[in-house]
Amino acid sequence: MNISFLSPSFLWGLPVVSIPILIHLLSRRNPITSQFSSVRFIQLASTTVVRKFKLKQLILLILRSLILLLLTLLFARPVVRRMPLFAQAEGVSRSSVILIDNSYSMGYVEEGESRFALARKVAGRILKMAKRGDRAAIFLISDEVKPLVSYLTDDRQILRERLEEGTLSFRPTNLLPGISQAYKILQESASPNREIILITDLGINGWQGIDGKSIKEFDPEVKFIIVDLNRESLSNVAVSEVDCRRLTMGETSEISAKIRNYSKGDISRLFVSVFIKPQDSFQIGKESGDKTDQGFMDLKAGRETIKDFFYDFPREGTYLGKVEVQEDSLPCDDRFYFKTEASEKIKVLLIDGHPGISSFSSETFYLTLSLSPTTSEVSTIQSPLSVKVVTADEFSQEKLDDFSVIFLANVGQVTSSLRDGLTSFVREGGGVVFSLGDNVNAQEYNLGFGNLLPAELREVKEISKGEKEFRTIGFQDFTHPILKVFAAGKEGDLSRASFYQYFTTQVKPSAKVILGLAGDIPLLVEGELAYPGAGKVFLFTSTLDRDWNNLPAKPVFLPLIQQMVRYLAVSTLREEPGRTFLVGEEISYELGAGELPPSVEIIDPKGKKFSVIPVQNRDFSGIEFGPVEMPGIYQLSYIRDRKWNNKYLAVNLDIESDESNLDKMGTKEIRKLFLAAPIKIIDDLANMEKDILQLLYGKEISKNLTFLLVGFLFLEVFLANPRRKR
Amino acid sequence: MQEPKKGYIDPLIVAKLSTMLLRARFVVEGFIAGLHQSPYRGFSLEFAQHREYSPGDETRHVDWKVYGRKDKYFVKQYQEETNLKGYILLDRSASMGYMSKGITKLQYGSYLAASLAYLMLRQQDSVGLATFDEKIKKYIPPRQSKGHLSLILEELEKLVSSSLTGINRSLRELGQYTKRRGLIILISDLLDEQEKVLNALKYFRFKKHEVIVFHLLDPAELELPFADVLWLEDMENGKRVLTHPEIIREKYKNILEEFVETYKLNCLRSDIDYCLINTKTPLDFALGAYLARRKMLR
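Residues numbered from 1 in each chain as written. Chains lettered and ligands numbered in written order. Predicted model: local features only at pLDDT ≥ 70, side-chain atom pairs only at ≥ 80, totals over all residues.

## Observations regarding the overall build of chain A
Line of reasoning, step 1. Each helix and strand counted, chain A has 13 helices and 38 strands in total.
Line of reasoning, step 2. For chain A, buried positions account for 38% of its 726 residues.
Line of reasoning, step 3. Long-range contacts, defined as pairs at least 24 residues apart, comprise 76% of the intrachain contacts of chain A with a sequence gap of at least 6. (Helix = DSSP H or I, 4+ residues; strand = E, 2+ residues; numbered from the N terminus. Buried ≥ 20, exposed ≤ 12 C-beta atoms within 10 Å, placed from the backbone. Contact = placed C-beta atoms within 7 Å.)

## Concerning the interface of chain A and chain B
Line of reasoning, step 1. Taken together, the contact pairs 18 residues of chain A with 27 residues of chain B.
Line of reasoning, step 2. Breaking the side of chain A that touches chain B down by element, the ones donating at least two residues are β2 (32-36) and α2 (40-76) of chain A.
Line of reasoning, step 3. Considering only residue class, the side of chain A that touches chain B consists of eleven nonpolar, seven polar and no charged.
Line of reasoning, step 4. Judged from the five bridges that link them, β2 of chain A and strand β8 (residues 230-234) of chain B form a sheet pairing that is parallel. Within β8 of chain B, the residue paired with threonine 33 of chain A across the bridge is tryptophan 231 of chain B. (Nonpolar A, V, L, I, M, F, W, Y, C, P; charged D, E, K, R; others polar. Pairing = 2+ DSSP bridges.)

## Some points on the nonpolar core
Residue and element names in this part refer to chain A.
Line of reasoning, step 1. Ile98, Leu99, Ile138 and Ile199 are the most contacted members of the largest nonpolar core, which has 93 residues in total.
Line of reasoning, step 2. Beyond its immediate chain neighbours, meaning those up to four positions away, isoleucine 138 contacts Ile98, Ile100, Ala123, Leu148, Val149, Leu159, Arg162 and Leu163.
Line of reasoning, step 3. Counting residues in each nonpolar core, the second largest holds 69 residues, with Leu371, Ala392, Phe425 and Val440 among its members. (Core = buried A, V, L, I, M, F, W, Y, C linked by C-beta atoms within 7 Å.)

## Comments concerning the sheet that holds strand β16 (residues 304-311) of chain A
Residue and element names in this part refer to chain A.
Line of reasoning, step 1. An order of β11-β13-β16 is seen for the three strands of this open sheet, with the pairing classed as antiparallel. Two strands in the sheet have a free side with no partner beyond their single neighbour: β11 (237-243) and β16. Across the sheet, the axes of successive neighbouring strands diverge by a mean angle of 25 degrees, strand direction being ignored.
Line of reasoning, step 2. One ladder, built from six bridges, connects β11 with strand β13 (residues 253-261); its direction is antiparallel. Bridge pairing links aspartate 243 to serine 256 in β13. (Axes fitted to C-alpha atoms, helices over the stretch in contact; angles between N-to-C directions.)

## Remarks on helix α5 (residues 146-157) of chain B
Residue and element names in this part refer to chain B.
Line of reasoning, step 1. The terminal C-alpha atoms of α5 lie 17 Å apart, and with twelve residues this matches the ideal 16 Å at 1.5 Å per residue to within 8%.
Line of reasoning, step 2. Every buried residue of α5 is listed here: Leu149, Ile152, Leu153, Glu155 and Leu156. With its buried residues spanning 160 degrees around the axis, α5 presents them on a single face. (Expected span 1.5 Å × (residues − 1). Arc of directions from axis to C-beta.)

## Concerning the confidence of the model for chain B
Residue and element names in this part refer to chain B.
Line of reasoning, step 1. Looking at chain B, the pLDDT average stands at 79 and 80% of residues meet or exceed 70.
Line of reasoning, step 2. The low-confidence segment residues 1-7 (pLDDT under 50) makes five contacts with residues lying over four places distant or belonging to another chain.
Line of reasoning, step 3. Low pLDDT (under 50) marks residues 36-44, which in the prediction has 19 contacts with non-local residues, meaning those over four places away or in another chain.
Line of reasoning, step 4. Taken together, the chains of this predicted complex give a pTM of 0.55 and an interface ipTM of 0.78. (pLDDT = per-residue confidence, 0-100.)

## What to know about unusual backbone geometry
All names here are of chain A.
Line of reasoning, step 1. The residue after glycine 626, namely proline 627, is reached through a cis peptide bond having omega 5 degrees.
Line of reasoning, step 2. Examined against the element boundaries, proline 627 turns out to sit in the loop between β34 (621-625) and β35 (632-640).
Line of reasoning, step 3. Even without glycine at this site, leucine 202 takes up a positive phi of about 60 degrees.
Line of reasoning, step 4. Note on placement: leucine 202 falls in the loop between β9 (193-200) and β10 (223-228).
Line of reasoning, step 5. A residue is classified by how many C-beta atoms lie within 10 Å of it, and leucine 202, with 26 of them, is buried.
Line of reasoning, step 6. The residue aspartate 658 is not glycine, and still its phi comes out positive at about 75 degrees.

## Digging into the sheet that holds β2 of chain A
Line of reasoning, step 1. Spatially, the three strands line up as an open sheet ordered β2(A)-β8(B)-β9(B), and their pairing is mixed. Of all strands in the sheet, those with a lone pairing partner are β2 of chain A together with β9 (240-243) of chain B, marking the two edges. Each strand axis lies, on average, 30 degrees off the axis of its neighbour in the sheet, ignoring direction.
Line of reasoning, step 2. Pairing of β8 of chain B with β9 of chain B, which is carried by four bridges, proceeds in the antiparallel orientation. Each bridged residue has a counterpart across the sheet, and for tryptophan 231 of chain B the counterpart in β9 of chain B is leucine 242 of chain B.
Line of reasoning, step 3. Contacts from α2 of chain A reach β8 and β9 of chain B, with the element oriented near 45 degrees to β9 of chain B.

## Looking at the environment of valine 229 of chain B
Line of reasoning, step 1. Considering the arrangement of structural elements, one finds valine 229 of chain B in the loop between α8 (219-223) and β8.
Line of reasoning, step 2. Here the alpha-carbon distance between valine 229 of chain B and threonine 243 of chain B, two residues 14 residues apart in the chain, equals 5.5 Å.
Line of reasoning, step 3. Ignoring sequence-local partners within four residues, the contact set of valine 229 of chain B consists of Pro31 of chain A together with Leu242, Thr243 and His244 of chain B.

## What about the environment of glycine 178 of chain A?
Residue and element names in this part refer to chain A.
Line of reasoning, step 1. Among the structural elements, glycine 178 can be located in helix α5 (residues 175-187).
Line of reasoning, step 2. Separated by 20 residues in sequence, glycine 178 and leucine 198 place their C-alpha atoms 9.5 Å apart.
Line of reasoning, step 3. What glycine 178 contacts, discounting residues up to four positions off in sequence, is Leu99, Phe139, Ile141 and Val145.

## Considering the pairing of strand β22 (residues 431-435) of chain A
Residue and element names in this part refer to chain A.
Line of reasoning, step 1. Burial analysis of β22 places five of its five residues in the buried class, which makes it a mostly covered element.
Line of reasoning, step 2. Relative to β22, strand β21 (residues 405-409) runs parallel, the two sharing five bridges. Bridge pairing links valine 405 to glycine 431 in β22.
Line of reasoning, step 3. Taking the sense of rotation as the criterion, the β-α-β connection linking β21, helix α7 (residues 416-427) and β22 turns out right-handed.
Line of reasoning, step 4. In this structure, β22 lies alongside strand β28 (residues 536-540), joined through four bridges in parallel fashion. When the bridges of β28 are listed, phenylalanine 434 appears paired with leucine 539. (Right-handed = clockwise from strand over helix to strand, strands pointing away.)

Below is the structure:
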């Protein structure tokens, strides 16, 4: 705490304090000596009375000096500052950068008003406090810095108007860029009175990466005032994820919604609804569609709970929907938008290169079994896959557009029809699996399917069975979608399969090895055509029956083949159906093969339209736009082949950022982040102006001194004029 | 303390008279002239003189024969036979030398003593004088002769204040001279150990003496009228005390009042006449106190 004076020249009057002392000293005279009959009674009377009198006189002397001191100080107008570091230079204008947190957590509604609306009001009040010549800049900060007034100005009208234009975003908080920007702007100010005023809910997720060192422009002389809008004991529930992978007809589809309770207490009987609507009947702004399911759920404090919904899709097609919990004080994270595909069964074509007399002896026996495990008569469960087996000769009669995935099992004939058909199929987005065997000639394959194969075939490597020498799988890329299910070991152990024979290969640089035999021998290699919208190609360097290995006899074979098919089938959709985009994300949307439309019209969830011109290059053919700023369903419309095409995107809040967690950063932690900065957190909004003014300009204590002065005067009068005893 | 009335004899005027005899006569005669009743009404049958009747005299003493001759009222006066021995004990300690204005306590005391001696001798009583400070300095035994008065007055004339006070010791000493019942008149400021003084006075009462105490105090001692801070030096022991009169006045007066009240109360209990006299008080006022006591001895 320090004291300064608004009229320090009056302090020259301080010597008047010595007047009572001088009067006392000057009025002191040497007492005369006089004879008296007896001083016995004088002594008796003096012992107590004089001591009291002297004490009283001393008090009076001090009081009178204090009265004069207070009078002088009153004229000098003292100002007390509790935080001296915040002291402003007298008579110099201020430069302030006002940062308003507009992350989506600021949409929290209290007493009918969102925190962002409150923050804007607070900023308005701060602007009103500005004195003549004071300059300010205003920024909205979430994970992006959005200037409202990007330069320091004293034009209050501009500041007020721009402040009114500020809107709440749907982004998470990242305060670092905004604070850095503020320091940078204040570097340009020559004023010694510089401050950053951050109006925020102090959400804990926004402070990552901030410390005194992370801000290059950090200046310890810049005062940092934080206006805290967060009141404790908040409750919030958010839908953090909806899992709706590609859904197929014929099976009851499961939609799993993850609901997170960010509150301090448990929540019981929370109402949750799911809305699903076919794409062709979807209209922007009316995305709720028909409610397809609803239910109640209980949520533990601070935990995430999964709510499953079941739905039978009536027909094939793209569906749009959302999962919504009953609205709370932060409504924007109460729903999660999704888009999914419901398709007929995934059609798989198996080309058997070595058909046997019985199905058991044919090359595709194990493949057929693994792709249609539920086709037995006793099973009532419908398989989502439809498998057709043909020979290489029969291939030319098949209409490849009907299939999503084609398996070549030890096919020896590399005909031009097969080559062209497969190339076209992959270009259109279809998935192909090459499995090898003794019918395969490496040279012919390299010549015929060289553009499709992800690796060049070399030679067959055979290991003697009798010597019990075999190879096992030594490398598994568990990050790949088809192997994710094996990562936890629940679906079996691939490394238990024994391989006796395989092709050695030279993997192309653009290809990726997913499975490898011990000794860095590629077993399953993934590749794709360098063509926009093309599908994927797998090369399995051994057989998919038991001729060269015992993998088909292992339990892991079925899930491996199923995963491969689902993975390849997805690629025919040009995109992952369960994929949702995040607010703030730059959208890249593939439009697939074919002639690109001249422009694509995009309609955002509020119905606002804008056009984007598609781009095409070696790796990409589609549109790029964004970042998207609002959650919901976006519609992309374009004309292709003289037909209107409508595509949809689901955009959601970045719940993973933990923005929905309304816990606030502690004052101590914030101070630790800004060790060198003079920092003050104001949480009393009613007295905010007073607090800020007192912080910057101190508190004038003349009123208090006046009270003290009056008190001293009364005391002086009382002591100097005691009531006489009658 | 009784306030003197106008018309009484101012001690300052008395002090201006040249000799002690004049002073004594001035006081006593003036005093008598003011009385409505003769103080000299004796008990013996031996005629002394006639005096013109004055209102208040008892009619039984009117000499009707003289009235018959002169057609004026005269009352008969008789030579009183007395067996009263009066001892005037005058304090001449240093503290008695204090005066704030005009007259010291010792002067006042000596005028009072002279007046009392004059009055007593005029009433045919024997009167003696003892002056004392720490002890009795001068003792004149009681006599009734007219020449005795001049002896007493001479002693009073040359009296000066001297040393410390020793009232107790002096009273004890006087006790050795007063074998017969008599009247002890103590004139002092009584600034001594109070209990011892009272014990000594009570001793006289025990010996069947009548006792009158004239407690002399200067107006300054009673009021402490000083304005400024001053050093007060004790006249007896020389001790100096820095005094804030304005501050201690109340307290001082309370202590003094308590001191006086103690004397007054104890004297009352012991049937001793106590008379507090401010040295501004007219001398004849003090004589009245004596006469009141004298009546009781009749």
